[in-house]
Amino acid sequence: MKTQHARPKILIIDDERDLRELMKDVLADEGFQVLCAANGADGVLLNAQEDPDVIVLDLRMPGMDGITTLRHIRTCDDRVLVVILTGFASPDTIRDAAELNVSEYLSKPFANNDLVSVITNAWESSLAEQQQ
Amino acid sequence: MKAIRRLIYVPILHAQEDAARTAATLPKAGKAPRTAAAVGQGPSPVDDMWKGIAAKIAELNLPWKQTRIFQDGTPVCGNEAALAERLAESGCPNFSLISNLIKKGATLEGTEDLDLLVKEYDLLNKLLMKSTPAQRQASPVQYQEASKALLALRDQFIFDRITRTLQEEEVPLVFMGVMHRLDKLLEKDFLVSYVIYRLPFRSVGTIYNA
C-alpha cells in the first residue's frame, strides 16, 4: 500500500534545468514537497527511493525518453500518479501515455497555475477514489 | 506531383456525459445507457480541456468558410448541423465549440458510418448493463478488445469520408478520440498539425476512450 502524504510529494523528471527549477519553485510555493531528477534513469531511482505521490514527467529527454522512463517506473509502481509534460505532443505518445495509466497529459507551454491545477486535480481525484 | 494538404487534428477524450448525450442521438437498441452522475460544481477538467482547445484553435486563424469539420461520433445523416446544435444546447462542450465554428462559417461534415456507430453503441450498452462487480471489472478489457476491431473499420470509413468530401482549398479540422488510429492513415496524404492542450485521463476514466 502506497503511503499517503498530507500534501503530495512530487518528483519532477525533466532535463531542462530552467524549467525544472521554475516548476520546483512554483510547486514548493504551493506547499508541495518537491524532488527533482534531470534524466529518466535518475527519476526511476528516485521514485523507488522516495515513493512520491505524483511524478511530473517530461516526454522528450536525451537518453531514456519519458515513455521508456514511465515503463520502467510502472514495472514496480502502478500507483504513483503521473502528469506528462510535452512540447511535442502526438497521438502515438498519447496512446502510450493512456496505456501506462497517466493521470494528465499537459502540452507545453503551460501557465504556472495550469500545472498547479492539474496536479491538484489529479491528487484530489485519487484521494476521492480511495475514499469510495 | 501531388500537393500535400494541411490538416488540423485534435485528439480528444470522451466524457461519460458526452457518451450518454451522443448515444441519445442514435437509433434506440435495447435500453438506454445509464446517465452520468452529476459531478461537482464549477469547471471540470473536461470543460477546461475544451476551453484550452477552443483557445488554441482560435490562435490558428483558420479560414472558417473554407474549414470542414470532421467529428468523432457524428454520423453521415444529412442533418449534421442540427445534430451539433442540439448537442451544444444540451451542454456538451465539444459540440458547443463546433456550433461556434459553424456560426463563423465552418461546415460540419457527416463523418461516421451509422451502422458502425450503432454497433459501437450496442457494445458499450452491453458493458454498462453488467450487474455484478466482477462482471463490471472484467468488462472494460473485453470491451476494449472488441472495440479495437470496430475502431479500425470506423477509422477507414472516416479517412475515406475526409478524402472524398474535402473540396479544393478547404482545411480539414478533425476532432477524434485519442484511441483512434486515424492519424496513421491521414499522415500519408496530409501534413497533419496536432492541437493538444491538456488531456485529463484520470478525471474521465478509460471506459469511453478505448
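This is a predicted model, so every value here is computed, not measured.

Colleague: Got a sec to walk through the overall build of chain A? Specific residues and values, please.
Modeller: Broken down by element type, chain A carries five helices and five strands. Helices (α) and strands (β) of chain A occur, in sequence order from the N terminus, as β-α-β-α-β-α-β-α-β-α. Overall, the C-alpha framework of chain A stretches about 35 × 30 × 30 Å when taken along its three principal axes. Taken over 132 residues, chain A has a buried fraction of 39%. Contacts spanning at least 24 positions in sequence make up 62% of the contacts within chain A whose residues lie at least 6 apart.

Colleague: Describe the interface of chain B and chain A, with residues and values.
Modeller: On the chain A side, the residues contacting the 15 residues of chain B number 16 residues. For the side of chain B that touches chain A, the elements supplying multiple residues, two or more each, are strand S6 (198–199) and helix H8 (201–204) of chain B. The leading source of residues in the side of chain B that touches chain A is H8 of chain B, at three residues. When its residues are assigned to classes, the side of chain B that touches chain A shows 10 nonpolar, two polar and three charged. In terms of strand pairing, strand S5 (residues 104–107) of chain A meets S6 of chain B through two bridges, oriented antiparallel.

Colleague: Let's hear about the pairing of strand S4 (residues 171–177) of chain B: which residues, and what values?
Modeller: Residues and elements named next belong to chain B. By the criterion of burial, S4 is predominantly enclosed, with five of the seven residues buried. By the bridge criterion, five bridges tie strand S1 (residues 5–12) to S4 in an arrangement that is parallel. Residue pairing for S4: tyrosine 9 is matched across the bridge by valine 174. Alignment of strand S2 (residues 67–71) against S4, held across five bridges, turns out to be parallel. Opposite threonine 67, over in S4, you have valine 171 as the bridge partner.

Colleague: A description of the packing of helix H3 (residues 80–89) of chain B against helix H4 (residues 93–104) of chain B should follow, citing residues and the corresponding values.
Modeller: Residue and element names in this part refer to chain B. Two numbers describe how H3 lies on H4: the axes approach to 8 Å, and their chain directions differ by 130°. Judged by the angle between their axes, H3 and H4 are oblique. Considering how the two elements wind past one another, H3 and H4 form a crossing that is left-handed. Across the interface between the two elements, Ala81, Ala84, Glu85, Leu87 and Ala88 of H3 pack against Phe95, Ser96, Ile98, Ser99 and Ile102 of H4. Split by residue class, the contact of H3 with H4 holds seven nonpolar, two polar and one charged.

Colleague: Break down the environment of methionine 64 of chain A for me, citing the residues and quoting the values.
Modeller: All names here are of chain A. Examined against the element boundaries, methionine 64 turns out to sit in the loop between strand S3 (54–58) and helix H3 (66–76). Remark: the alpha-carbon pair of methionine 64 and glutamate 99, spanning 35 residues in sequence, is separated by 18 Å. When sequence neighbours within four positions are dropped, the list of residues in contact with methionine 64 reads Asn39, Gly40, Ala41 and Thr69.

Colleague: Tell me about the environment of leucine 108 of chain B, residues and numbers included.
Modeller: Residue and element names in this part refer to chain B. Considering the arrangement of structural elements, one finds leucine 108 in strand S3 (residues 107–109). The spacing of leucine 108 and leucine 83 is 25 residues in sequence and 10.0 Å in space, taken between C-alpha atoms. For leucine 108, the residues in contact, after removing those within four places along its chain, are Ile69, Gln71, Thr74, Glu80, Ala81, Ala84, Ile98 and Ile102.

Parameters and conventions
- Residues numbered from 1 in each chain as written.
- Chains lettered and ligands numbered in written order.
- Predicted model: local features only at pLDDT ≥ 70, side-chain atom pairs only at ≥ 80, totals over all residues.
- Helix = DSSP H or I, 4+ residues; strand = E, 2+ residues; numbered from the N terminus.
- Buried ≥ 20, exposed ≤ 12 C-beta atoms within 10 Å, placed from the backbone.
- Contact = placed C-beta atoms within 7 Å.
- Nonpolar A, V, L, I, M, F, W, Y, C, P; charged D, E, K, R; others polar.
- Pairing = 2+ DSSP bridges.
- Axes fitted to C-alpha atoms, helices over the stretch in contact; angles between N-to-C directions.
- Parallel < 35°, antiparallel > 145°, perpendicular 65-115°, else oblique.
- Left-handed = near helix turned anticlockwise from the far one by under 90°.

By themselves, these figures tell us nothing about what the structure is for.
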